[in-house]
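Summary of the model geometry
Given next are the chains, with one letter for each unit.
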Amino acid sequence: QKEVEQNSGPLSVPEGAIASLNCTYSDRVSQSFFWYRQYSGKSPELIMSIYSNGDKEDGRFTAQLNKASQYVSLLIRDSQPSDSATYLCAVIGSSNTGKLIFGQGTTLQVKP
Amino acid sequence: DAGITQSPRHKVTETGTPVTLRCHQTENHRYMYWYRQDPGHGLRLIHYSYGVKDTDKGEVSDGYSVSRSKTEDFLLTLESATSSQTSVYFCAISDTLTEAFFGQGTRLTVV
């Protein structure tokens, strides 16, 4: 079982719709959760971090964390063609050594 | 942009030869990581470091070794390159573990 799992997609949504990306993790005592965005041919960049159960909103992005279900999600409201990218879920596990594990990424396509 | 530089940016090497990739940072960040990225696999952790001379294995460490003798440099060595190690390699750094910053990537081709 992979430590962090995502549906690789592609996920296709029309412009203006809500895109929902999901991630599960295996280490029950993980404390830190991240969403990175990667455009084709570029390096990943952080868009959201979340550390406690519930929702965290930043502009059009909302991260949701449910530690009981070991589940993290990212909602993108009013999706734009510029949001088309690969979204990577990442988790820092229980060790205090900073081990940062990524999922396989979900490719999002926003169609005009 | 975080001061992180990977070298070389592109390399073609022959099967069986040793290869060293360098990650250099000017941010004095404690944590450094090496990932490989292949289609359909996202970023897979090879090795990481949580301080000078403190390193640990990641998910796909077989065939790779690392060295961190000073804060700013994290070296990834392929002792005997194989075609399965053809990939894009990313280095990342982090200070407080609230965000990781990535280098530009190194495209390695083993022929």
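An account of the accompanying structure is given in this report. (Residues numbered from 1 in each chain as written. Chains lettered and ligands numbered in written order. Predicted model: local features only at pLDDT ≥ 70, side-chain atom pairs only at ≥ 80, totals over all residues. Heavy atoms only, no water.)

Scanning chain A from terminus to terminus reveals zero helices and eleven strands. Start at the N end of chain A and walk to the C end: the helices and strands fall as β-β-β-β-β-β-β-β-β-β-β. Taken over C-alpha atoms, the radius of gyration comes to 13 Å for chain A, in line with the 13 Å a tight globule of 112 residues would show. Seen along its three principal axes, the alpha-carbon backbone of chain A occupies a region of about 45 × 30 × 20 Å. Residues counted as buried form 44% of the 112 residues belonging to chain A. Counting only carbon and sulfur atoms, one obtains 46% of the accessible surface of chain A, whose full area is about 5,100 Å². One finds the centroid of the 10 positive side-chain charges in chain A at a distance of 4 Å from the centroid of its 10 negative side-chain charges. (Helix = DSSP H or I, 4+ residues; strand = E, 2+ residues; numbered from the N terminus. Rg over C-alpha atoms; globule rule 2.2 N^0.38 Å. Buried < 20%, exposed > 50% of the residue type's maximum accessible area, 1.4 Å probe, protein only. Areas by Shrake-Rupley, 256 points an atom, 1.4 Å probe, with all protein chains shown as cover. Lys, Arg positive; Asp, Glu negative; His and termini not counted. Charge placed at Lys NZ, Arg CZ, Asp CG, Glu CD.)

Looking at the element boundaries, N28 of chain B is found in the loop between β3 (19–25) and β4 (31–37). As for N28 of chain B and T13 of chain B, which are separated by 15 residues in sequence, their C-alpha atoms are 31 Å apart.

Counted under the stated rule, the structure contains 13 aromatic pairs over all chains. Ring centres of Y25 of chain A and F33 of chain A lie 4.8 Å apart, and the angle between their planes is 50°; this geometry places the pair in the tilted category. Residues Y25 of chain A and F33 of chain A agree in their burial class; the two are buried. Members of the aromatic cluster, joined through ring pairs, are F34, Y36, Y51 and F102 of chain A together with Y33, Y35, Y48, Y50, F90 and F102 of chain B. The ring of F61 of chain A has R60 of chain A sitting right over it, with the charged end atom 5.5 Å from the ring centre. (Phe/Tyr/Trp six-rings, centres within 6.5 Å; stacked < 30°, edge-to-face > 60°. Lys NZ or Arg CZ within 6 Å of the ring centre and 35° of its normal.)

Moving on, we get to the pairing of strand β11 (residues 106–111) of chain A. Residues and elements named next belong to chain A. Taking every second residue as pointing to the same face, the buried face of β11 carries T106, L108 and V110, while none of T107, Q109 and K111 on the other face is buried. Taken together, the four bridges between strand β2 (residues 11–14) and β11 define a ladder with parallel strand orientation. Paired with P14 across the bridge in β11 is K111. As paired elements, strand β9 (residues 85–92) and β11 share three bridges and run antiparallel to each other. Its bridge partner lying in β11, Y87 is registered against T106. (Pairing = 2+ DSSP bridges.)

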